[in-house]
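What follows is each chain in one-letter form.
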There are 2 protein chains.
Amino acid sequence: MVSKIDLRKRVRIADAQYGEVVLAGFVQDVRVLKNVVFMILRDVSGITQIVFKKGSVPDDVFEEVCSIPRESIVAVRGIMIESSIAKLGREVIPIEFEVLSEASQPLPIEFLNPSVETGLSRRLDYRFIDLRNPRVLAIFKIQSAITGLLHEFFRSRGFIEVHTPKIVAEATESGASVFPVDYFGRKVFLAQSPQFYKQMLMASGFEKVYEIGPVFRAEPHHTPRHLCEYTSIDFEVSYIESYHDVMDIVEDMVVYIVNRIGDICSREFEILNVKPPRMDKGLPRITVREAYRLVESRGYKPTYMEDLDTRGERVFSKAVEEEYGYKAAFLIEFPWRSGSRPFYVMRKLDEPDWAYSFDLIWDGLEIT
Amino acid sequence: MVSKIDLRKRVRIADAQYGEVVLAGFVQDVRVLKNVVFMILRDVSGITQIVFKKGSVPDDVFEEVCSIPRESIVAVRGIMIESSIAKLGREVIPIEFEVLSEASQPLPIEFLNPSVETGLSRRLDYRFIDLRNPRVLAIFKIQSAITGLLHEFFRSRGFIEVHTPKIVAEATESGASVFPVDYFGRKVFLAQSPQFYKQMLMASGFEKVYEIGPVFRAEPHHTPRHLCEYTSIDFEVSYIESYHDVMDIVEDMVVYIVNRIGDICSREFEILNVKPPRMDKGLPRITVREAYRLVESRGYKPTYMEDLDTRGERVFSKAVEEEYGYKAAFLIEFPWRSGSRPFYVMRKLDEPDWAYSFDLIWDGLEIT
């Protein structure tokens, strides 16, 4: 349980200053020359190089690092110095070295060698190693940063964060797509959304609530647009004039996140080789009827009085970009007929075949 | 859908400045005198008084407010002025008044009259009204503030926020207390904790993760200490020397929340008539063996090699306060025998009948 090197002194590589440091992480790579071993150490924050010189470190340590399996977990106490040769501009001269956990060989999946591609199924079998891939880690860091921005956004606007029950007695969205739960012999369900609770909280005078939590949809589809369990961002507000006030908040929220995430996660976007997104306010709000016209004028025939399908949404986004100069737009006033929308959706007062619903479509994908 | 008074101009009562304001909320009380009606308006932030003077407001409005049912939802545009007579130091002179939703009479439960006590079962039947009780709302506001502090605490320390799956294939804590879910004909379970996922994320090099989310325990007990579904605060860290490093974080976290919540929610503690708590660092860490001695010396006979029961924990807390001057303490080194603790608990290296487990007991209640 107690290691030789005091791990309580450990700092993350990105936070390490010049001078004595304790680092710990994965052995990403080892390059063995005659009298020197270059080890690349990786932790959650980045990588650095450790230089083991024969004669400067005990012989048994030199032997050990020569043959240490990649992805072993090690700790090192040493001196961080500037280096004009090292690619990263600095390196660590070890004083003490310790293997905390030796990796078995060979690695079941290669995640750092770009010339070795691993199939998704095998990656999922070894998910705990796949998650060591800095590209995969970057996705989780961006997700965490996004939820951080969401907490900031809602809290700075006076929203109360709530955690509503996930075991419920009735379906909220559609009766067909619920997961039954055996609750001490009684059949209950997993919540498809916090819909009822957040509406009840409005009747209770909470005025503004938000929740970030799991929702469950028993939709047996294998598409990138369906998940049986996902983390939902949901909010509800009282004292609005119309659903445009809700869209205002959605727009503020999305623009807030999109325009900040690139700065907060600049390193992650670099790792993913993705240009951070930007979004301007004033997103167009386009009725489904107008969307039919837009996609039809571009050669795609929509089914009238139905929602746009996947391809229709892509054509719609392209049309919006060409005609409005926006990559994102609200699609509003959806066709209404009995059963076509969740029952809590409000029909248009003057045109009851249409509903006060909206989706935010960004680059061909429904994001809210 | 569109109200006369523009609700987009509405501010919360606590945020209202002197001058013209738009307010909206519940009619908490109406006092009708001959030529004047005093209405107490309540929103999520507090209460204020609206003064309707006969002759100054249209007659039909004066009639309306004379008979408006309590808990109706109304909007008012008016002038907020200082008042030396009003108990709250200020009041609103109405220009425009609108009933957004009239309450039915009588109210099914009375939540503001301290002389009328409503049974818990009836309160739960009318939970949406019960939640209007500022005392109940205060609890949710404090909860939300606590999760806000938790996000701050973990994020400022470099933790990654994760949302792990709640539908799982195996039990994590104890096989007996899981809820079965019908997953497209396959029997799966609701997660009892994020235990496996957070440990896997350590193997994956995430180093520090936290999650605030629902967990599910199928424990058919009716006690204030058991809930079948609750919001769990969970974290995991890598590169520790011992479980004392974990307790250090737990202590920092609890002390951080406890000592800040009173300032953030001063109004809520006032409403609840509760003195905000305080907690000093340096909580004692007391082995279960020592706890046996402590409670026994106070006349309570513990069952050796078993955890303290509810009464035992209370006696323990009293003893700790007397002997150490702390209201809270870690209970450490729990008795271990096969099946007595979750399988992932580590046994003491030198004394395998005891485990590296800990609970934080505060004032007789296990809080972590």
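Not measured: the values here are computed from a predicted model.

About the cut-offs
- Residues numbered from 1 in each chain as written.
- Chains lettered and ligands numbered in written order.
- Predicted model: local features only at pLDDT ≥ 70, side-chain atom pairs only at ≥ 80, totals over all residues.
- Heavy atoms only, no water.
- Least-squares fit on C-alpha atoms with pLDDT ≥ 70 in both.
- Contact = heavy atoms within 4.5 Å.
- Helix = DSSP H or I, 4+ residues; strand = E, 2+ residues; numbered from the N terminus.
- Patch = residues over 30% accessible without salt bridge, like charges linked within 9 Å, V, L, I, M, F, W, Y side chains within 5 Å.
- Areas by Shrake-Rupley, 256 points an atom, 1.4 Å probe, with all protein chains shown as cover.
- Salt bridge = Lys/Arg side-chain N within 4 Å of Asp/Glu carboxyl O.
- Lys, Arg positive; Asp, Glu negative; His and termini not counted.
- Charge placed at Lys NZ, Arg CZ, Asp CG, Glu CD.
- Buried < 20%, exposed > 50% of the residue type's maximum accessible area, 1.4 Å probe, protein only.
- Pairing = 2+ DSSP bridges.
- Axes fitted to C-alpha atoms, helices over the stretch in contact; angles between N-to-C directions.
- Phe/Tyr/Trp six-rings, centres within 6.5 Å; stacked < 30°, edge-to-face > 60°.
- Buried area = accessible area lost by both parts, 1.4 Å probe.
- Nonpolar A, V, L, I, M, F, W, Y, C, P; charged D, E, K, R; others polar.
- Core = buried A, V, L, I, M, F, W, Y, C linked by side-chain atoms within 4.5 Å.
- Parallel < 35°, antiparallel > 145°, perpendicular 65-115°, else oblique.
- Left-handed = near helix turned anticlockwise from the far one by under 90°.

Novice: Explain the relation of the copies chain A and chain B here, please?
Specialist: Two chain copies, one operation linking them: a rotation about an axis together with a shift along it. With an axial shift of 0.0 Å and an RMSD of 0.1 Å, the rotation relating chain A to chain B amounts to 180°. As the rotation angle and translation indicate, the two copies are arranged about a two-fold axis. Rotation axis and chain A: the residue whose C-alpha lies nearest the axis is V181(A), separated from it by 2.2 Å. Most of the interface of chain A is mirrored in chain B: 100% of its interface residues are interface residues there too.

Novice: Sorry, what's going on with the side chain of E313(A) here?
Specialist: Mapped onto the elements, E313(A) comes out in helix α9 (residues 310-324). In this structure E313(A) touches R225(A), L308(A), I361(A), G364(A) and E366(A), once residues within four positions along its chain are discounted.

Novice: How should I be thinking about the environment of P276(B) in this particular structure?
Specialist: All names here are of chain B. Positionally, P276 belongs in the loop between α7 (266-272) and β12 (285-287). Between the alpha carbons of P276 and W336 there is a distance of 37 Å; along the sequence they are 60 residues apart. Excluding residues within four positions of it along the chain, P276 makes contact with G262 and F269.

Novice: I would appreciate a short explanation of a negative patch on the surface in the present structure.
Specialist: Together, D59(A), D60(A), E63(A), E64(A) and E102(A) give the surface a local cluster of negative charge. Looking at the element boundaries, E102(A) is found in the loop between β5 (90-101) and α2 (120-125).

Novice: Help me understand the pairing of strand β2 (residues 36-43) of chain B, please; the structure alone is not making it clear to me.
Specialist: Each regular strand carries side chains that alternate between the two faces of the sheet. Residue and element names in this part refer to chain B. By the criterion of burial, β2 is predominantly enclosed, with eight of the eight residues buried. Taken together, strand β1 (residues 19-32) and the strand that follows it, β2, pair antiparallel across an intervening segment of three residues. With eight bridges joining them, β2 and strand β3 (residues 46-53) adopt antiparallel strand pairing. Its bridge partner being in β3, V37 is matched across the sheet by F52. Between β2 and the antiparallel strand that follows it, β3, lie two residues.

Novice: I would appreciate a short explanation of the sheet that holds β2(B) in the present structure.
Specialist: Residue and element names in this part refer to chain B. Strand order around the closed barrel formed by five strands is β1-β2-β3-β5-β4, with mixed pairing between neighbours. Here the average twist between neighbouring strands, direction ignored, is 55°. Contacting β1, β2, β3 and β5 (90-101), helix α1 (residues 59-66) runs over the sheet at an angle of about 65° to β2.

Novice: How should I be thinking about a nonpolar patch on the surface in this particular structure?
Specialist: Residues and elements named next belong to chain A. Among the surface-exposed residues, I79, I81 and I95 lie close enough to one another that they form a single nonpolar patch of about 210 Å² accessible area. Its location among the elements puts I95 in strand β5. Of the residues examined, I95 reaches a relative accessible area of 45% and is grouped as partly exposed.

Novice: Mind showing me how you'd approach the packing of aromatic side chains here?
Specialist: Residues and elements named next belong to chain A. Inspection of the entire model under this criterion finds 34 aromatic pairs over all chains. Both rings, one in F159 and one in F235, keep their centres 5.9 Å apart while their planes meet at 90°; by these two values the pair is edge-to-face. Here the residue F159 occupies a position in the loop between α4 (134-156) and β6 (160-161), and F235 occupies one in strand β11 (residues 229-237), the gap between them amounting to 76 residues. The pair F159 / F235 is uniform in exposure class, with both members buried.

Novice: When you look at the interface of chain A and chain B in this model, what are you seeing that I'm missing?
Specialist: Often, the extent of an interface is quoted as the loss of accessible area upon association of its parts. Taken together, the contacts link 69 residues of chain A with 69 residues of chain B. Carbon and sulfur atoms supply 65% of the area that chain A and chain B bury against each other, a total of about 5600 Å² over both sides. In this structure, E207(A) engages R10(B) in a salt bridge whose closest nitrogen and oxygen atoms are separated by 2.8 Å. Each residue belonging to the side of chain A that touches chain B can be placed in one class, and the counts come to 40 nonpolar, twelve polar and 17 charged.

Novice: Explain the nonpolar core to me, please; I cannot follow it from the model alone.
Specialist: Across soluble globular proteins, nonpolar side chains have a tendency to be buried as a group. With 35 residues, the main nonpolar core has F154(B), F235(B), F330(B) and F358(B) as its most contacted residues. Listed by contribution, the elements that provide at least two residues to this core are α4 (134-156), β10 (208-216), β11 (229-237), α6 (243-264), α7, β13 (328-335) and β14 (354-362) of chain B. Broken down by element, this core gets its largest block of residues, twelve residues, from α6(B). Leaving out residues up to four positions away in the same chain, F330(B) has contacts with M247(B), V250(B), E251(B), L283(B), P284(B), R285(B), I286(B), F358(B), D359(B) and L360(B). Residues I212(A), M247(A), L283(A) and L360(A) belong to the second largest nonpolar core, which totals 34 residues.

Novice: Where do I start with the pairing of strand β14 (residues 354-362) of chain A in this structure?
Specialist: Residue and element names in this part refer to chain A. Judged by how many residues are buried, β14 sits mostly within the fold: seven of nine residues are covered. Looking at chain direction, strand β13 (residues 328-335) and β14 are connected through seven bridges and run antiparallel. Within β14, the position partnered with F334 by the bridge is A355. Between the end of β14 and the start of strand β15 (residues 365-366), which pair antiparallel, lie two residues, with D363 showing a positive phi angle near 55°.

Novice: Explanation requested: the sheet that holds β6(A) in the structure shown.
Specialist: The strands that make up a sheet pair up through hydrogen bonds in the backbone, lying either parallel or antiparallel. Residue and element names in this part refer to chain A. Pairing is mixed in the open sheet, where three strands are placed in the order β6-β10-β11. Each edge of the open sheet carries a strand with a single partner, namely β6 and β11. Relative to β11, strand β10 (residues 208-216) runs antiparallel, the two being bridged by nine bridges. Pairing of P214 across the sheet is with T231, part of β11. Relative to the sheet, helix α5 (residues 195-203) contacts β10 and β11, its axis offset from that of β11 by approximately 20°.

Novice: Sorry if this is basic, but what is going on with the packing of helix α8 (residues 288-296) of chain B against helix α9 (residues 310-324) of chain B here?
Specialist: Relative orientation and spacing of two packed helices are given, respectively, by the angle between their axes and the distance between those axes. Residue and element names in this part refer to chain B. Contact pair α8 / α9: the axes reach a minimum separation of 9 Å and the direction vectors enclose 90°. Taken as axis vectors, α8 and α9 run roughly perpendicular relative to one another. Only G312, V315, F316, A319, E323 and Y324 of α9 make contact with α8, whose side of the interface consists of E290, A291, R293, L294 and V295. Residue composition of the contact of α8 with α9, by class: seven nonpolar, one polar and three charged.

Novice: For this particular structure, what's the right way to read the packing of α4(A) against helix α6 (residues 243-264) of chain A?
Specialist: All names here are of chain A. For the pair α4 and α6, the least separation of the axes is 10 Å and the interaxial angle reads 135°. On the basis of their axis angle, the class for α4 and α6 is oblique. The handedness of the crossing between α4 and α6 comes out as right-handed. Contact residues: α4 offers I142, A145, I146, L149, L150, E152, F153 and F154, while α6 offers I249, D252, M253, Y256, I257, R260, I261 and I264. When grouped by side-chain class, the residues that make up the contact of α4 with α6 number 13 nonpolar, no polar and three charged.

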